[in-house]
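Now for the letters of each chain:
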Amino acid sequence: MGGADKPGVPVGGRPMRDRVLDAVADAEPRVLVGPEPVEAYPVGVRTTREEPPGAGPVAAVAAGLVLIGPEVPVVALLAADLPLLTGEAVSALRRELTEGTADGVCFVDDDGRRQPLCGVWRVSSVRTALTAVADGRADGLVGASMRTLLAGLSVTELPWSGAGPPPWFDCDTDDDVRRAEEWVR
């Protein structure tokens, strides 16, 4: 998207990042991993950055978990470019996790691909997986893939059966943003 602050791109008149944060409005704490905080971030959202900046999603997960205390048993790992994510979708993920024994639950798209950054996870399982990845790679977490992080975890895949567009739809291109705009009208 031409180097733009992708999560800050508006869909339906609101930055995608804010739409994602709204979907977890009842979460405490809410943590955003990314560039330096700006005044536009919602009040009460904690911010941090992966080390080194740009080190990838697994390093971002680790940075975010630093701000999550031991009293928090479940974390939603959500990409900041999911403008169609809703509280209803997050509730469906939480219900599935609560009712089962898996380490995490994530949506699966229509082609059967896991959407690990549109899921909820047991914090203790993610912390254990992060340690295993860091210990098993010369570069630690830098550049590690979500597939590598989740390889040893039990994951329940949840197809979207709710009303409306798929909550896992992410905006990587201007065309994706236009498509999301059409859905939110």
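Figured I'd write up the structure that's included with this text. Everything numeric in this text was worked out from a predicted model, so none of it was measured.

## What to know about the pairing of strand β5 (residues 74-78)
Here is step 1: Burial of β5 is one-sided: the residues Val75 and Leu77 facing one way are buried, the residues Val74, Ala76 and Leu78 facing the other way are not.
Here is step 2: Judged from the five bridges that link them, β5 and strand β7 (residues 114-122) form a sheet pairing that is antiparallel. Following the sheet pairing, Ala76 is matched in β7 by Val120.

## Observations concerning the pattern of salt bridges
It is possible for side chains of opposite charge to pair when their charged atoms get near one another.
Here is step 1: Under the counting rule described, the total for this entry stands at ten salt bridges.
Here is step 2: Taking the shortest distance from any N to any O, the salt bridge between Asp109 and Arg113 comes out at 3.1 Å.
Here is step 3: On the accessibility criterion, Asp109 (7% relative accessible area) is buried.
Here is step 4: One continuous salt-bridge network, built from bridges that share partners, spans Lys6, Asp81 and Asp172.

## Observations regarding the sheet that holds β7
Here is step 1: With respect to topology, four strands assemble into an open sheet ordered β5-β7-β6-β8, the strand pairing being mixed. At either end of the open sheet lies a strand with only one pairing partner, and these are β5 and β8 (155-159). Strand-to-strand twist of the sheet, defined as the mean angle between neighbouring strand axes without regard to direction, takes the value 25°.
Here is step 2: Of the strand pairs in this sheet, strand β6 (residues 104-108) and β8 are connected by five bridges, and their pairing is parallel. Looking at the pairing, Cys106 lines up with Glu157 of β8.

## Thoughts on the nonpolar core
Here is step 1: Core analysis: the biggest nonpolar cluster contains 24 residues, and Val61, Leu65, Trp121, Leu130 and Leu149 have the highest contact counts within it.
Here is step 2: Secondary structure elements with two or more residues in this core: α2 (57-66), β5, α4 (123-136) and α5 (146-150).
Here is step 3: Among all residues touching Leu65, those that are not within four sequence positions of it are Val75, Val123, Val126, Arg127 and Leu130.

Cut-off values and rules
Residues numbered from 1 in each chain as written. Predicted model: local features only at pLDDT ≥ 70, side-chain atom pairs only at ≥ 80, totals over all residues. Heavy atoms only, no water. Buried < 20%, exposed > 50% of the residue type's maximum accessible area, 1.4 Å probe, protein only. Helix = DSSP H or I, 4+ residues; strand = E, 2+ residues; numbered from the N terminus. Pairing = 2+ DSSP bridges. Salt bridge = Lys/Arg side-chain N within 4 Å of Asp/Glu carboxyl O. Axes fitted to C-alpha atoms, helices over the stretch in contact; angles between N-to-C directions. Core = buried A, V, L, I, M, F, W, Y, C linked by side-chain atoms within 4.5 Å. Contact = heavy atoms within 4.5 Å.

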